[in-house]
Amino acid sequence: MMSELFSRRRGFDRKRRILAATGLILLALVAPQTPGRRGLAEPSRVHAADGDIITIAGTGKVGYAGDGGYAISAVMNRQAGLAFDNAGNPFVADQANNRVRKIAPEGVITTVAGTGQDWSGSAGIATATALSTPIDVGVDGGGNLYVAETNGRQVRRVDPSGRITTVLGFATECRDLSQPCGFLRSLALDLAGNLYFIAGNHRIWKLTQAGVIMGFAGTGTPCGDSHDPCGDGGP
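All values derive from a computational prediction rather than experimental measurement.

Caption draft 1: Region of interest: the sheet that holds strand β16 (residues 195–198). Reading across the sheet, the four strands line up as β15-β16-β17-β18 and stay open at both edges, with antiparallel pairing between neighbours. With one partner strand each, in any of the chains shown, β15 (186–189) and β18 (213–217) form the two edges of the open sheet. Strand-to-strand, the axes of this sheet are offset by a mean angle of 30°, without reference to chain direction. Alignment of strand β17 (residues 204–207) against β18, held across four bridges, turns out to be antiparallel.

The structure is reproduced here in structure tokens:
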């Protein structure tokens with residue numbers, strides 16, 4: 001949940017802040033690219049963010065194992081997104097395992113969506129529905145889990161009862177810049193429950209509570225190299 005949106009320029013490690021109320025873009029952080037640096041969600045581990053780095057999930061090995069046991073003994077594969085519900089429970093997009101996994105307060109990890117198969121399934125029970133490369137997750141105030149499937153080109157919603165539905169989906173090829181298309185990259189939710197997501201046509205999109213999709217930031221055109229201000233300080 002958010003009141004400001006942060007966007008990272010892939011390859012340049014530049015983070016940009018977008019004020020939700022005005023749409024104004026500001027430069028938030030520029031950092032040198034470091035080979036192998038993954039940030040909070042590493043390929044095999046997830047770390048806390050309270051100043052002390054501790055492992056809460058993963059062993060450092062790549063693979064899949066450990067559901068129903070302690071998260072620190074679980075095996076994961078290329079985590080790509082991390083979000084928390086209102087109770088503070090972490091949800092992890094275990095990307096290469098095509099699953100979303102939850103870590104309970106007692107430290108036990110379980111799969112809450114996905115079967116391990118790489119396919120975008122239909123609506124039904126989330127743990128019996130395949131996902132195609134889940135790259136990011138978010139949780140709204142009602143406890144609904146949102147999953148961005150990068151290869152499936154869909155955003156899925158898992159309700160508190162464990163049922164999954166498709167919120168939106170779009171085309172593979174980007175022929176119309178007025179509509180989202182291509183591979184999903186990331187998603188986020190604001191305090192009102194509006195959904196923001198990054199697709200493959202160099203734009204950030206907003207899906208309102210009323211179901212309206214609109215462009216939120218970007219023109220659909222890439223903005224040059226790491227020295228290009230790319231519109232910082234403007235709408």
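Caption draft 2: Looking closely at the pattern of salt bridges. In total, this model carries three salt bridges according to the counting rule given. The shortest N-O distance in the salt bridge between Asp-67 and Arg-101 comes to 3.0 Å. On the criterion of sequence distance, the pair formed by Asp-67 in the loop between β5 (55–57) and β6 (79–84) and Arg-101 in strand β8 (residues 99–103) is long-range, its members being 34 residues apart. Owing to a relative accessible area of 32%, Asp-67 belongs among the partly exposed residues under this scheme. A residue is classified by how much of its surface remains accessible, and Arg-101, at 0% relative accessible area, is buried. Put simply, Glu-149 and Arg-156 hold a salt bridge, and the shortest N to O gap is 3.0 Å. Here Glu-149 and Arg-156 have matching classes, each one buried. A single network of salt bridges, built from pairs that share partners, joins Asp-67, Asp-94 and Arg-101.

Caption draft 3: Representation of the environment of Gly-143 within the structure. With respect to the element layout, Gly-143 can be found in the loop between β11 (134–139) and β12 (145–149). Classification of Gly-143 as partly exposed rests on a relative accessible area of 36%. For Gly-143 and Asp-85, which are 58 residues apart along the polypeptide, the C-alpha to C-alpha distance reads 6.4 Å. Non-local contacts of Gly-143, meaning those with residues more than four positions away in its chain, are made with Val-158 and Pro-160.

Caption draft 4: Just the packing of aromatic side chains, in detail. Inspection of every chain in the model, using the stated rule, returns one aromatic pair. Ring plane angle 75° and centroid distance 4.9 Å describe the contact between Tyr-196 and Phe-216, whose orientation is recorded as edge-to-face. Taken together, the residues Tyr-196 in strand β16 and Phe-216 in strand β18 connect sequence positions 20 residues apart.

Procedures and definitions
- Residues numbered from 1 in each chain as written.
- Predicted model: local features only at pLDDT ≥ 70, side-chain atom pairs only at ≥ 80, totals over all residues.
- Heavy atoms only, no water.
- Pairing = 2+ DSSP bridges.
- Helix = DSSP H or I, 4+ residues; strand = E, 2+ residues; numbered from the N terminus.
- Axes fitted to C-alpha atoms, helices over the stretch in contact; angles between N-to-C directions.
- Salt bridge = Lys/Arg side-chain N within 4 Å of Asp/Glu carboxyl O.
- Buried < 20%, exposed > 50% of the residue type's maximum accessible area, 1.4 Å probe, protein only.
- Contact = heavy atoms within 4.5 Å.
- Phe/Tyr/Trp six-rings, centres within 6.5 Å; stacked < 30°, edge-to-face > 60°.

So yeah, pure geometry; function would need other evidence.
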